[in-house]
Amino acid sequence: GGGGRVMEGVEDGFAAVRYHSLEVDESELRGNVRVLAGCARQGGLRGEVVMAIEVVGKPGAAPVVGLQFHPESVGTEAGGRMVGNFAGLVREW
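Here's what I pulled together on the structure shown here. (Residues numbered from 1 in each chain as written. Predicted model: local features only at pLDDT ≥ 70, side-chain atom pairs only at ≥ 80, totals over all residues. Heavy atoms only, no water.)

## Some points on the sheet that holds strand 3 (residues 48-55)
Then, number 1: Spatially, 2-3-4 is the arrangement adopted by the three strands of the open sheet, whose pairing is antiparallel. Looking along the sheet, the strands with just one partner apiece sit at the ends: strand 2 (33-40) and strand 4 (64-67). Averaged over neighbouring strand pairs, the angle between their axes works out to 20° when direction is ignored.
Then, number 2: Where strand 2 meets strand 3, seven bridges bridge the pair, whose relative direction is antiparallel. When the sheet's bridge partners are listed, Val-35 is paired in strand 3 with Ile-53. (Pairing = 2+ DSSP bridges. Helix = DSSP H or I, 4+ residues; strand = E, 2+ residues; numbered from the N terminus. Axes fitted to C-alpha atoms, helices over the stretch in contact; angles between N-to-C directions.)

Okay, structure coming up:
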């Protein structure tokens, strides 16, 4: 695990530059997959779009994180923090 640390220090409700492609169906996620972030659907649709997940592995396993937005974009608030947090995970692993 540990992938949730990518979001450490990031305020809820941050603006992000999103990908507009595939979407994860949260009801299909199993066991060791945890949702880290989501956003409201557009066009008045109910529910949230999954925007970040982690796969919680065994102790010592490599962190696995999936993002559905561009943390490296200047248009993503706290993107630098997320990239830095991820770099810290990689260094520790």
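## Side note on the layout of surface pockets
Then, number 1: Size it by volume and the largest pocket reaches roughly 280 Å³.
Then, number 2: Around the largest pocket sit 14 residues that line it, and Gly-13, Phe-14, Ala-37, Gly-38 and Cys-39 are the ones nearest its centre.
Then, number 3: The element that contributes the greatest number of residues to the lining of the largest pocket is strand 2, accounting for four residues.
Then, number 4: When its residues are assigned to classes, the lining of the largest pocket shows nine nonpolar, two polar and three charged. (1 Å grid on protein atoms, 1.4 Å probe; cavity = no way out; pocket = protein on both sides within 12 Å on 5 of 7 lines; lining within 4 Å. Points joined across faces, edges and corners; volume = space filled by probe spheres on them. Nonpolar A, V, L, I, M, F, W, Y, C, P; charged D, E, K, R; others polar.)

## Topic: helix 1 (residues 79-92)
Then, number 1: Compared with the 20 Å implied by 1.5 Å per residue over 14 residues, the 20 Å span of helix 1 between its first and last C-alpha is a close match.
Then, number 2: The complete set of buried residues in helix 1 reads Gly-79, Met-82, Asn-85, Gly-88 and Leu-89.
Then, number 3: Looking at the buried side of helix 1, the elements it contacts are strand 5 (69-70). (Expected span 1.5 Å × (residues − 1). Buried < 20%, exposed > 50% of the residue type's maximum accessible area, 1.4 Å probe, protein only. Contact = heavy atoms within 4.5 Å.)

## Focus on the environment of Ala-37
Then, number 1: Position of Ala-37 among the secondary structure elements: in strand 2.
Then, number 2: For the pair Ala-37 and Val-50, spaced 13 residues apart in the sequence, the C-alpha separation amounts to 6.3 Å.
Then, number 3: Not counting the four nearest positions on each side in its chain, Ala-37 is found in contact with Met-7, Val-49, Val-50, Met-51 and Ala-52.

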